[in-house]
Amino acid sequence: MDLFKIFNKSNNKSKSVAKDRLKLVLIHDRTNVSPKFLEMVKGDIINVISDYMEVDEEGLDIQFTRTRRESDNTPIPALVANIPILKMKDKGIE
């Protein structure tokens, strides 16, 4: 048994959790939405698209950011989602 691998895995997991939490804090600061709200949006998106496809929830990246409207260059909030698709589901859509 390689003890270094065991400890390294837990370290990577902690690192990943800390990274996700930091992302949530930064998003909150930029958009004035709570981390709880962002998690609710993430959960809702997963629920809706899971009827049509299997997604990699670990690789899911959802961010609120700011962009500019093309017509008058006004800054507006935007939702950006990177959703890795594992496979499409056959729903028998005609």
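Starting afresh in each chain, residues are numbered from 1 along the sequence in its written order. pLDDT decides what is reported in this predicted model: residues at 70 or higher carry local features, side-chain atom pairs at 80 or more are listed and counted, and totals for whole chains, interfaces and linings draw on all residues regardless. No hydrogens and no water enter the side-chain calculation; it runs on all heavy atoms of the structure.

So, on to the nonpolar core. One finds L38, V41, I45, I46, I49, M53, V55, L60, I62 and F64 forming the largest nonpolar core, which totals ten residues. Where helices and strands are cited, they refer to DSSP runs of H or I of at least four residues and of E of at least two residues respectively, numbered from the N terminus. Counting residues per element, the ones that place at least two in this core are α2 (35-49), β1 (53-55) and β2 (61-68). Counting residues per element, this core draws most heavily on α2, at five residues. Here the nonpolar core consists of buried residues drawn from Ala, Val, Leu, Ile, Met, Phe, Trp, Tyr and Cys, with membership extended through side-chain atoms lying within 4.5 Å. The cut-offs for exposure are 20% and 50% of the maximum accessible area for each residue type, with area from a 1.4 Å probe on protein chains only; residues under the lower value are buried, those over the upper are exposed, and the others partly exposed.

Moving on, we get to the pattern of salt bridges. Between Lys or Arg on one side and Asp or Glu on the other, a salt bridge is scored when a side-chain nitrogen of the former is within 4 Å of a carboxyl oxygen of the latter. Following the criterion strictly, the structure yields two salt bridges and no others. Where K87 meets E54, a salt bridge forms, and the shortest distance between an N and an O atom there is 3.9 Å. Of this pair, K87 sits in strand β4 (residues 85-88) while E54 sits in strand β1, placing them 33 residues apart in sequence. On the basis of relative accessibility, which here comes to 47%, the residue K87 falls in the partly exposed class.

Located in the positive-phi region is N73, a residue other than glycine, with phi close to 65 degrees. Its place among the elements puts N73 in the loop between β2 and β3 (75-82).

Before going further, it helps to spend a moment on the environment of I49. With respect to the helices and strands, I49 occurs in helix α2. Residue classification places I49 among the buried residues on the basis of a relative accessible area of 16%. Once the C-alpha coordinates of I49 and I83 are considered, the two residues, 34 residues apart in sequence, prove to be 9.8 Å apart. Beyond its immediate chain neighbours, meaning those up to four positions away, I49 contacts V55 and I83. Two residues form a contact once any of their heavy atoms are found within 4.5 Å.

Taken together, the side chains of D20, E39, E57 and E58 make up a negatively charged region of the molecular surface. On the basis of relative accessible area, E39 is assigned to the partly exposed category, the value being 40%. Without a salt bridge and with relative accessible area above 30%, a residue can belong to a patch; like charges are then joined within 9 Å and nonpolar side chains (Val, Leu, Ile, Met, Phe, Trp, Tyr) within 5 Å. With residues, only the protein chains shown are counted as cover, and all accessible areas are computed by Shrake-Rupley using a 1.4 Å probe. Positive charge is attributed to Lys and Arg, negative charge to Asp and Glu, and no charge count is given to His or to the chain ends. In plain terms, the charge of a residue is placed at NZ if it is Lys, CZ if Arg, CG if Asp and CD if Glu.

With that settled, the discussion passes to the pairing of β3. Strand pairing requires that DSSP identify at least two bridges connecting the strands. With eight bridges joining them, β2 and β3 adopt antiparallel strand pairing. Paired with F64 across the bridge in β3 is L79. Between β2 and the antiparallel strand that follows it, β3, lie six residues; N73 among them carries a positive phi value of about 65 degrees.

Right, let's talk about the environment of P75 for a bit. In this fold, P75 is placed in strand β3. For P75, a relative accessible area of 44% puts it in the partly exposed group. Dropping the residues within four chain positions of it, P75 is found in contact with T67 and R68.

Turning our attention to the confidence of the model for the protein chain. Looking at any residue, its pLDDT shows the predictor's confidence there, from 0 to 100. When pLDDT is averaged along the protein chain, the result is 75, and 71% of the positions lie at 70 or above. In the model, residues 1-8 has pLDDT below 50 throughout and makes one contact with residues more than four positions away in sequence or in other chains.

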